[in-house]
Amino acid sequence: MVDLCGALSAQTLSIDTMSPDGERFTPTHALEQLSHSAPEETAEVLADEQGRQSLTAITTASHAFTAWLRSHPAEILKLKDPETIGPLPDRSNLIAQALTLVTESSSPSADLRIWRHQMMLRITVRDLLALASLQEVGSNLSNLADACLNAALAIAVGEAPGGTDEPLAVIAMGKLGGQELNYASDVDVLLVSPNENHSATTARRLLEVMSAPHQEGLVWLVDTNLRPEGRSGALVRSLDSYLAYYKRWADAWEYQALIKRRACAGNIPLGREFCAATREFVYPQSMHPEALEELRSMKGRAEAQVEAAGLSDREIKLGPGGIRDIEFAVQLLQLVHGSHDLEIRSANTLKALEALARNGYIDVVDCDVLSHTYIKLRTLEHRLQLANLNQVHALPTSPKKLDHLAHVLGFRSDPRASATEHFMRDLKGTLNTVRGIHERLFYRPLLEAFSGATLAPTLSASAATERLRAFGFSDAAATQRALRELTSGLSRRSKLMEATLPLLLEWLSGTPDPNLGLLILERLSANKHKADLMTSVFRESPLAARRLCAIIGTSREVADNIERFPEFIKLLENDSELTRARSFDELYESSRRQLARVPEDGAKDKIDPLRRFIQRERTRIAIRDLTGCADVSDVGQELSRLAQACLAAAFDVVTAGVEDLTPVALIAMGRFGSQELAYLSDLDLVVVYEDATSDSAQLDTAADPLAQVVRRIEQLIAILSEPSTFGEGFRLDFNLRPEGKSGALARSLRGYVHYWARWAETWEFQSLTRARPVAGDADLGSAFIAAAHKHVYIDPFPDRRLLDIRTMKARIDKERLPRGSDPAFHVKLGRGGLVAIEFAVQLLQLRHGSTIPALQQPETTTAIRTLHAENILSGEQASQLEEAYLFLSALRNRMTLMGIRRSDELPQNFAVLSKLARSLGIIRNPAPTLREHYRRLTRRTS
């Protein structure tokens, strides 16, 4: 392996690159320009061995420093001065030099810039000649930045009115705080003052001295965006103001950033007080799983942005296996264990890595590999930035520039491959190594701790328990038992599963209920057939493994069904099948096959095949839901299609071969009618049969047609609703029929028309807005809908119906809300809930449907969009209604899948509410955030 810090050879003189303005740039060309602008100085330096090596290194690696030497020819001679390649003064001496310089200078801002470049040049030469390690380079750059900040602050204070101001503390953050600065890094700082009002002027002037444009360039670009509220927040705050913000408003990433806080300039006692006072936010007594999940989600989003930009293969900082993977892993372990272990709190990444390994939180070998790869990647980052002193973390796309970079890093062409090919192969291996360790770093020590291995575990029992709890495995005893079973069982059966287990634990830790997921994983792995199936699928598709974790860590019911139907594990790797909704015809044919042997009486032991089919299909739909392959509208339509297919198949079975059967149609109502079924929805139905004579009175009292239809419907109910070995099929509800439970189970079409004309109440017409034929005689079903609409959609809309609807809604609010329920958070019946939205939409359909036929359709969200298209609802009103309706429907479904007992009501238990929120993708403050989001949506629709 080539040493990325290796010395340069004479070959580098032929390397071709480009300057920022497009000028062709080679080291030879650069030397010619230097000889032209400073012939004596250049010749003298080239005649000196040290000078020649130093100048060659600079012109090879950095166009920016070459250009600076051309504009400052006297600096060329310093390249042969032994002091140039000697160690830099320590931090205190650098600060003293900088302060003396600006105190004695007549042009302090200009002289500070020149001095900074002189010191930077010395750091660069030592780096390129391999006389300084990466750690020394980062430390030197950070010490230099500290010195510049102190000097710039002195200038700012000296220019303040009266030459004095309130003492201001500068807190280093980021790489400056960790004393691991890059060549082109911004310096991240927070500014603290006992009185921010008096210090704002000094703070602004400090930033001007450091970062204002100048013919001598910048001192350093200062970034204050890590302050509370970012760019919109106050530039400088008092200590009390910072603490108040961190207590109430800070995000998890802001606490993570404070790991690297360090008092670096100005009022050092105040800065140290700030660091001490904020320690409790960085290292609380126990790290909450939601905070860690928030950080991991944020990192995931950053990686997704890199991937979307097409930079995953070139981005060495934020891409997979890049610098951030190492830093992030180190910082998360510090956050988890730092409250109990002061030794691992270092702001410096490499020092923190060493401490984590020394104290047993990561494996020593992993530490060595990560340290080596971190140095390698940071050195590469330095070489990228040295070229033009720009903040760049992505490899160049130009083959020439990439070849130049490879040579600068010490790679050479040989008969086997070019320098670029050697470099890219080495880099790919480095990134893969880092990513692999990153993905298992948090969980591999847990497996070692509980595997029962004879080797001493990496983690102590208490540290392992703390890590389990921090990553969401709250039941430590159950988790440890499951891990012991998994590590002993899987190691015997499958090396792949053993290697995959750390990843599975990581994915489980991001689910609402990691303990549940681990329990299910243990149960699946205990069965040889299921364990072998998982191994086979996971080998081909890590995505399938991740999807399985998402499911089993969310829903016990779906997880149990995956145990019952392990073939669903294989479905998780099949994107084309998982994303496909099954058609009505497919479902109907499958239903008919399951019912092929059902006798006329629908005996319970003969209907198990259909129950099994229904359970499988519901599980399939739930898997699509939980993996994000189906949204709430898809789920409602698929559940409705499944129910209709089973209903139609069962109806065909119970009516097959019956002679002279009166034509019958089944009409779906409610959510079944609107094709918006939830997982626990009943199937609301009414039954209509064809008129036998023109005498309507005889039709409804004649025994034969009615008795014949009722007998078939009762058989239908037995097939679909009777409990069996595989549970219930569908609950059929006929209570929306005329006269409700006391009315006839079926009526003729003319009987319905007669009832609507004389006896029907307004709520019955309202319910008919969602009527839809689903089984039986299609012509009769269409005739029923046409007849119903003549009574439902009338012009003008009667004021009495408007009053009835409002009265009915008031009664529902008063009488149907379960005792003890909070009306603000009842998903179905509460203020702004599903029923409120349905009432509002159906009222508008009733009022305008007679003149706008497009409104005569059953689906709620389609009706909302039609109301907007017809200018009955504004765009904002329609958007608010649809957003709330879909959200509440999805919320209700998710509560059902998670087994929340009262799935019509937002849970009051904080832990349960947090799990629910996390399952919906709400990571930061999940329980309060979900409640607030719920309140905001329903407030607008109530």
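The residue numbering used here restarts from 1 in each chain and proceeds along that chain's sequence as written. Local features in this predicted model are restricted to residues of pLDDT 70 or higher, and side-chain atom pairs are both shown and tallied only at a pLDDT of 80 or more, whereas totals for entire chains, interfaces and linings draw on every residue. The side-chain values count all of the structure's non-hydrogen atoms but skip hydrogen atoms and water molecules.

Q: Got a minute to help me understand the overall build of the protein in this structure?
A: Put simply, DSSP H or I for four residues or longer makes a helix, DSSP E for two residues or longer makes a strand, and each gets a number counted from the N terminus. The secondary structure content of the protein amounts to 44 helices and 11 strands. Its C-alpha atoms give the protein principal-axis dimensions of about 120 × 70 × 55 Å. Within the protein, buried positions represent 57% of all 942 residues. Partitioning the contacts of the protein with sequence separation of at least 6, the portion at a separation of at least 24 is 72%. Using a 1.4 Å probe, accessible areas were evaluated by the Shrake-Rupley method; residue-level cover was limited to the displayed protein chains. When the accessible surface of the protein is summed, it comes to about 39,100 Å², and 50% of that surface belongs to carbon and sulfur atoms. Positive charges come from Lys and Arg alone, negative charges from Asp and Glu alone, with His and the N- and C-terminal ends not counted. Think of each charge as sitting on NZ of Lys, CZ of Arg, CG of Asp or CD of Glu. Between the mean site of the 110 positive side-chain charges and the mean site of the 120 negative ones, the protein shows a separation of 3 Å. For every residue, the accessible area (1.4 Å probe, protein chains only) is compared with the maximum for its type, and the residue is labelled buried under 20%, exposed over 50%, or partly exposed between those bounds. Note on contacts: a residue pair qualifies if any of its non-hydrogen atoms lie within 4.5 Å across the two residues.

Q: Whenever I open this one, the pattern of salt bridges confuses me. Can you help?
A: Side-chain pairs of opposite charge can arise whenever the charged atoms involved come near each other. When a carboxyl oxygen of Asp or Glu lies within 4 Å of a side-chain nitrogen of Lys or Arg, that pair is called a salt bridge. Overall, the coordinates contain 51 salt bridges when judged by the stated rule. In this structure, the salt-bridge partner of Glu-506 is Arg-296, at a minimum N-O distance of 3.8 Å. Within this pair, whereas Glu-506 is found in helix H23 (residues 495–509), its partner Arg-296 is found in helix H14 (residues 289–308), the two being separated by 210 residues in sequence. Each member of the pair, Glu-506 together with Arg-296, is buried. With its nearest N and O atoms 2.3 Å apart, the salt bridge here joins Glu-567 to Arg-616. Separated by 49 residues along the polypeptide, Glu-567 in helix H28 (residues 567–571) and Arg-616 in helix H31 (residues 608–626) bring together distant segments of the chain. Glu-567 sits in the partly exposed class, given a relative accessible area of 38%. Connected through salt bridges with shared partners, the residues Glu-577, Arg-580, Arg-582, Glu-586, Glu-617 and Arg-620 form a single ionic network.

Q: Help me out: how do you make sense of the nonpolar core in this one?
A: As a rule of thumb, soluble globular proteins bury nonpolar side chains together. To qualify as a nonpolar core, a set must consist of buried Ala, Val, Leu, Ile, Met, Phe, Trp, Tyr and Cys residues joined through side-chain atoms within 4.5 Å. Residues Tyr-246, Phe-274, Phe-423, Leu-647, Leu-666 and Leu-720 are the most contacted members of the largest nonpolar core, which totals 160 residues. Leave out the neighbours within four places in its chain, and Leu-647 touches Leu-666, Phe-672, Leu-685, Leu-716, Leu-720, Leu-732, Val-774 and Ala-775. Ile-58, Leu-69, Leu-128 and Ala-152 belong to the second largest nonpolar core, which has 62 residues in total.

Q: Any chance you could explain the sheet that holds strand S3 (residues 169–173) here in plain terms?
A: For sheets, the rule is that strands pair by backbone hydrogen bonds, running either parallel or antiparallel. On the basis of which strands lie adjacent, the open sheet formed by four strands has the order S5-S4-S3-S6 and mixed pairing. Every other strand in the sheet has two partners, leaving strand S5 (222–223) and strand S6 (262–266) as the edge strands with one partner each. Here a strand pair is declared whenever DSSP counts at least two bridges between the two strands. Pairing between S3 and S6: four bridges, direction antiparallel. If you follow Ala-172 over to S6, its bridge partner there is Arg-262.

Q: Is there a simple way to explain unusual backbone geometry in this structure?
A: Negative phi characterises most residues that are not glycine, and trans characterises most peptide bonds. Looking along the chain, the bond that leaves Asp-795 and enters Pro-796 is cis, with omega of 5 degrees. Phi angles above zero are rare outside glycine, and Gln-675 is one such case at about 60 degrees. On the basis of relative accessibility, which here comes to 29%, the residue Gln-675 falls in the partly exposed class. The phi angle at Glu-739 is positive, at roughly 70 degrees, despite the residue not being glycine. Relative to the helices and strands, Glu-739 resides in the loop between strand S9 (732–733) and strand S10 (746–748).

Q: Sorry, what's going on with the pairing of strand S8 (residues 683–689) here?
A: Walk down a regular strand and you will see the side chains alternate between the two sheet faces. Taking burial as the measure, the seven residues of S8 include seven buried ones, the bulk of the element. Alternating positions in S8 separate into two faces, Leu-683, Leu-685, Val-687 and Tyr-689 on one and Asp-684, Val-686 and Val-688 on the other, with burial throughout. Bridge count between strand S7 (residues 664–668) and S8: five bridges; the pairing is antiparallel. Within S8, the position partnered with Ile-667 by the bridge is Val-686. Sheet topology note: the S8/S9 ladder contains two bridges and is parallel. Across the sheet, Asp-684 pairs through a bridge with Asp-733, a residue of S9.

Q: Mind showing me how you'd approach the packing of helix H24 (residues 514–526) against helix H27 (residues 556–564) here?
A: Axes are the key here: two packed helices are described by the angle between their axes and the distance separating the axes. Only C-alpha atoms enter the line fits that serve as axes; for helices the fit covers just the stretch in contact. Angles between N-to-C directions range over 0 to 180 degrees. Between H24 and H27, the least distance of the axes is 11 Å, while the angle of their chain directions is 10 degrees. Regarding the angle of H24 to H27, the classification is roughly parallel. Each of Leu-516, Leu-519, Ile-520, Arg-523 and Leu-524 in H24 lies in contact with H27, whose residues at this interface are Arg-556, Ala-559, Asp-560 and Glu-563. For classification, angles of less than 35 degrees are called roughly parallel, those exceeding 145 degrees roughly antiparallel, those between 65 and 115 degrees roughly perpendicular, and all remaining angles oblique.

Q: What am I meant to see in the environment of Lys-299 here?
A: Checked against the element boundaries, Lys-299 lands in helix H14. Taking C-alpha positions, Lys-299 is 65 Å from Arg-750, a pair spaced 451 residues apart along the chain. In this view, Lys-299 contacts Arg-324, Asp-325, Phe-328, Arg-435 and His-438; residues no more than four positions away in its chain are not counted. A polar atom in the side chain of Lys-299 sits 2.5 Å from the side chain of Asp-325. Two N or O atoms count as a polar contact when they lie within 3.5 Å, although within protein this holds only if one can serve as hydrogen donor and the other as acceptor, and sequence-adjacent residues are included solely when both atoms are side-chain atoms.

Q: What is the right way to look at the state of the cysteines in this model?
A: By definition, a disulfide links two cysteine residues through a covalent bond between their sulfur atoms. The definition used for a disulfide is geometric: two cysteine sulfur atoms within 2.5 Å. Applying the stated criterion to the full structure yields zero disulfides. With no disulfide of its own, Cys-148 has Cys-264 as its nearest cysteine by sulfur position, at a separation of 11 Å. Cys-148 gets classed as buried once you look at its relative accessible area, which sits at 0%. Between Cys-275, a free cysteine, and Cys-264, which holds the nearest cysteine sulfur, the sulfur-to-sulfur gap is 9.4 Å.

Q: Would you mind showing me how to read the packing of aromatic side chains here?
A: The description of two aromatic rings rests on the distance between their centres and on the angle between their planes. Centres within 6.5 Å are what make two rings of Phe, Tyr or Trp a pair, Trp counting through its six-membered ring; a difference in plane orientation under 30 degrees is then read as stacked, over 60 as edge-to-face, and the rest as tilted. Inspection of every chain in the model, using the stated rule, returns 16 aromatic pairs. Seen from their ring centres, Tyr-752 and Phe-784 are 5.1 Å apart, and the 90 degrees between their planes marks the pair as edge-to-face. On the criterion of sequence distance, the pair formed by Tyr-752 in helix H36 (residues 749–758) and Phe-784 in helix H38 (residues 778–792) is long-range, its members being 32 residues apart. Across the pair, exposure class does not vary: Tyr-752 and Phe-784 are buried alike.

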